Structure formats: C-alpha cells, structure tokens
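A look at the structure
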Amino acid sequence: MKKIIALTLLVGALSASPVLAPQLSQAQAQTSGPTTRFSVGGLVSNTLVLTADRLKAYPPSTINVQYFAGGAPTSHTFKGALLWDILQAAGIVTDPSVSNGVLRRVVVVIGSDNYQAVFGAGELSPRFGGNQVIIAYEQDGQPLGDDGFAKLVSPVDIAGGRFVSNISSIIVRDSSR
Ligand SMILES: Nc1nc2c(c(=O)[nH]1)N[C@H]1C(S)=C(S)[C@@H](COP(=O)(O)O)O[C@H]1N2
Ligand SMILES: [Mo]
C-alpha cells in the first residue's frame, strides 16, 4: 500500500514538472483552430508540452524561404526554434544495439485540423540530412495569427505542403510500427 502511495506521489510530481508534463490527452489536445501549445511525445525519454514562451527559450533561427503555396511562388522570413533542438530536449529513444538507430525514427507532425506530414529523423539530424527544419513562431516579424503559435517550416522543400500550421502534436515513431 505504501508503495502505491509513493508511486502516486512520484507520478504526481513528474506531471507537475514543466519538462516532464504528460503528453496531451485527446480531451486536452486542441482539435481545431489556432493552437496555444503542442506536445512532443512517442519514442522520447521526456514528453514535452511546448507553449510560445517555452518555444522562444530555444536558440532562435531566422530563415528566408521560397516555396510554392497553392501553386503560387511565395517568399517569407520565419523565426523559430530548430526542430532538432526540440527533439534533443525530448530525447529520441533509440536501440543502442542497432547501427544508426536514429535512422529508424519517424517524426510525425500533426495540426489541429489533423493535417499531417512526416520527416525521417535522419533528414533532420545534423549528422545526416541536416535539413534545418524550424518550428516557427514569427512570419515576417509578426506572430502567425490564424496559423496558430507554431508552424513547421522546411527550408529545402519546393512546395509548402509539409509546412504544418496550428501544430497540436509531434510524435516520434519507429519505422516499422
Ligand atoms: N494544419 C495545416 N497545415 C497546412 C495545411 C493544412 O491544410 N492544414 N496546408 C498546407 C499546404 S497544402 C500549404 S501550400 C501551406 C500553405 O502555407 P502558407 O500559409 O505559408 O501559404 O500550408 C500547409 N500547412
Ligand atoms: Mo499546398
């Protein structure tokens, strides 16, 4: 009985911590419209819940991107945090007995409208693909407005299809499951 109480207290303490907050449940996750927070979960050692303030605490990157949106050439300057830095903070769980285990990890980015795009962790890793994907919170010096507080921007992409706006969760998965 004492053990159960101790475990309950431990779980309670971890839930209250800003770093080890639980992944947003379906009930808590925003299901449409502009978001104010998103979770980073799945195969990570620390599930994160990121708000605008927490996102701005990461070293900022500013990038100019040109891409096609609905067929029209588009150009914007975005400021945000590197997705790789966020994944490092969460800690992608890999199998140390597997060669280059990180290359088997898939990063699923989901919007509040359930729009989804995936990235291989190897595309994002500075040791492999080095695609400097950012989770932007500013476009041309302004907040994102209807695009929520966080929008993914992939500077190497030709079209904006993977630029998921209104991010509600990011989930790390294994390639085979
Ligand atoms: N959540 C969400 N993000 C999305 C979409 C969407 O339908 N839902 N459409 C994508 C498509 S098809 C494009 S072209 C870009 C448009 O980005 P823009 O607002 O920067 O032009 O957003 C992408 N991100
Ligand atoms: Mo698009």
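Quick summary incoming for the structure in this document. (Residues numbered from 1 in each chain as written. Chains lettered and ligands numbered in written order. Predicted model: local features only at pLDDT ≥ 70, side-chain atom pairs only at ≥ 80, totals over all residues. Heavy atoms only, no water.)

**A short note on the site of ligand 1**
Around ligand 1, a shell composed of Tyr-67, Ala-69, Gly-70, Asp-113, Tyr-115, Asp-147, Lys-151, Gly-160, Gly-161, Phe-163, Val-164 and Ser-165 is seen. Take Tyr-67: an N or O atom from its side chain is 2.6 Å from an oxygen atom of ligand 1. Between ligand 1 and Ser-165 there is a distance of 3.0 Å, counted from a nitrogen atom to a backbone nitrogen or oxygen. Here ligand 1 loses 68% of its free accessible area of 540 Å² to cover by the protein chains. Of the residues contributing to the shell around ligand 1, the split by class is 5 nonpolar, 4 polar and 3 charged. (Near = heavy atom within 4 Å. Polar contact = N/O pair within 3.5 Å; in protein donor to acceptor, adjacent residues only side chain to side chain. Areas by Shrake-Rupley, 256 points an atom, 1.4 Å probe, with all protein chains shown as cover. Nonpolar A, V, L, I, M, F, W, Y, C, P; charged D, E, K, R; others polar.)

**Points about the sheet that holds strand S2 (residues 48-51)**
Taken together, the 5 strands give an open sheet; going across it, the order is S2-S1-S10-S5-S6, and neighbouring strands pair in mixed fashion. If you trace the sheet from one side to the other, it starts and ends with S2 and strand S6 (116-120), each paired once. Strand-to-strand twist across the sheet, computed as the mean angle between neighbouring axes with direction ignored, equals 20°. Judged from the 5 bridges that link them, strand S5 (residues 105-111) and S6 form a sheet pairing that is antiparallel. Paired with Ile-110 across the bridge in S6 is Gln-116. The strands touched by helix H3 (residues 83-90) are strand S1 (37-42), S2, S5 and strand S10 (167-174); relative to S2, the strand with the most contacts, the crossing angle is about 140°. (Pairing = 2+ DSSP bridges. Helix = DSSP H or I, 4+ residues; strand = E, 2+ residues; numbered from the N terminus. Axes fitted to C-alpha atoms, helices over the stretch in contact; angles between N-to-C directions. Contact = heavy atoms within 4.5 Å.)

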